[in-house]
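The chain contents come next:
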Amino acid sequence: MRQVVIVGRGGPQKLQVREAPDPEPKSGEVRIRVRASGINFADILARKGLYPDAPRLPAVVGYEVSGVVDEVGSGADQALIGTEVVALTRFGGYSDVVSVPAKQVFEKPAALSHEQAAALPVAYVTAWQLLVVMGSLKAGETVLIHNAGGGVGLAAIDIARHVGATIFGTASTAKHAFLLERGVHEAIDYRTTDWAVEVSRLTARKGISLIIDPLGGRNVKKSYRALRSAGRLGMFGISAATASRLPGPLRLGQVALGMPFFHPVALMNTNRSVFGVNLGHMWRETDMIAEWMQDLLGGVAEGWVRPHVDRSFPLDAAGEAHAYIEERRNTGKVVLTT
Ligand SMILES: NC(=O)c1ccc[n+]([C@@H]2O[C@H](COP(=O)([O-])OP(=O)(O)OC[C@H]3O[C@@H](n4cnc5c(N)ncnc54)[C@H](OP(=O)(O)O)[C@@H]3O)[C@@H](O)[C@H]2O)c1
């Protein structure tokens, strides 16, 4: 098989294609001939040495694939052979073959291409957990989606639109027209304007019911302050770390130091709630994830889950694909194709 290996910490040139023997599926696993692999921001952080959950380098990252099952291990359903599937992978997705526990594998909706299917699992499951499961978003409430033009951002827009919430999104200006088309009611450029001032104006100083924040660092404090009474803040990333010029571990420290502590008394007195989401720490809850995936695959059938692939790159151009995201040029997902 061919795999994209992160050979060491550094720039996109640290991604190299290497050959390795095809994996044999272990008991309970299925082997997938991969057609497309989703790229996530975590993969970029891993390459830069900024992702605490990353495997030791050299490593093959990749959390999601779409492809065709060509072999199953003992105990797995033989009937899966030949089926088109979409799967969550605990690394190894940047390959043209991968073996995955059968519990993490789902039938690919026929309406989606392999590229679109590979763009679904991480972004939509994360957004579902943030908005529906933990954020309890309801019709008529307001939601602020930071980085609304990213993979998770667009997934969150689909879900918030389905719920019937009023959607505010922050993103670079070039993405605004597309975001408004996808269902955002107000788009804000957080790089040229103070989004908190804008949100306060747009809500007549009431604040927001639910905010999802992947930036981390000082932005978290700002997001917390922008909540209205009974508001919820879901934190799920540290993108801010990539913007710092400090060396790896110090950058993480800088972002961590910028984050607020939430005192229970302050939470009670402000009637606010804060929570965190890390899909990478949910591997012991595959039944729960499978339930959410079924809801989302139902959403594909009903037409409100619309995975958007901005660009696909072949496996051997994985470095270009990373650079494209780091330059903030993507709107929605970027995928690798085999
Ligand atoms: N906790 C979890 O389980 C989980 C799961 C998935 C993703 N995440 C987190 O969610 C965030 C979005 O992930 P994603 O995979 O959806 O990202 P993505 O599609 O790759 O989006 C990247 C976008 O984020 C924005 N951005 C913000 N800060 C940036 C920076 N310092 N460098 C480059 N781009 C930056 C850029 O758009 P604009 O400038 O236009 O906003 C860029 O286009 C990341 O922080 C990721 O780690 C967390």
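This text goes with the structure placed above it.
Numbering of residues starts from 1 in each chain and follows the order in which that chain's sequence is written. Where local features are concerned, this predicted model is filtered to residues with pLDDT of at least 70; where side-chain atom pairs are given and counted, the filter is 80 or more; whole-chain, interface and lining totals use all residues. Side-chain measures were taken over the full set of non-hydrogen atoms in the model, leaving aside hydrogen atoms and water.

A. Local environment of the environment of A196. Topologically, A196 is positioned in helix α6 (residues 195-202). With 76 residues separating them in the primary sequence, A196 and L120 have C-alpha atoms 30 Å apart. A run of H or I in DSSP becomes a helix once it reaches four residues, and a run of E becomes a strand once it reaches two; helices and strands are each numbered from the N terminus.

B. How the structure looks around α6. N or O atoms closer than or at 3.5 Å make up a polar contact, with two conditions inside protein: a donor-capable atom paired with an acceptor-capable one, and, for residues adjacent in sequence, both atoms drawn from side chains. Measuring from the side-chain oxygen of the N-cap residue of α6 to the backbone nitrogen of A196 gives 3.0 Å; that N-cap residue is D194. In the stretch just after α6, A204 is the one whose phi turns positive, near 50°.

C. Representation of the pairing of strand β14 (residues 309-314) within the structure. In the sheet, β14 pairs with strand β15 (residues 333-337) via five bridges, with the strands oriented parallel. The residue bridging V309 from the neighbouring strand is K333, located in β15. Two strands pair under a simple rule: DSSP has to find at least two bridges between them.

D. Expanded view of the pattern of salt bridges. Any carboxyl oxygen of Asp or Glu that lies within 4 Å of a side-chain nitrogen of Lys or Arg is treated as forming a salt bridge with it. The tally for this structure, following the rule as stated, stands at 16 salt bridges. Note that R2 is salt-bridged to D316, the shortest N-O span being 3.7 Å. Residue R2 is located in strand β1 (residues 2-6), and its partner D316 is located in the loop between β14 and α12 (318-326); the two are separated by 314 residues in the primary sequence. In this structure, the salt-bridge partner of R31 is D70, at a minimum N-O distance of 2.9 Å.

E. Region of the structure containing the sheet that holds strand β11 (residues 208-213). Strand order across the open sheet formed by six strands is β10-β9-β8-β11-β12-β13, with parallel pairing between neighbours. At either margin of the open sheet sits one strand with a lone partner, and together these are β10 (186-188) and β13 (272-276). Adjacent strand axes in the sheet meet at a mean angle of 15° when their direction is disregarded. As judged from the four bridges shared by strand β8 (residues 142-145) and strand β9 (residues 166-170), these two strands associate in the parallel manner. The partner of L144 across the bridge, within β9, is F168. Contacts from helix α3 (residues 121-133) reach β11, β12 (227-235) and β13 within the one sheet, and its direction differs from that of β11 by about 160°. Comment: axis = line fitted to C-alpha atoms, over the contacting stretch for helices; angle = value between 0 and 180 degrees taken between N-to-C directions. Contacts were defined at the residue level, with two residues in contact if any of their heavy atoms lie within 4.5 Å.

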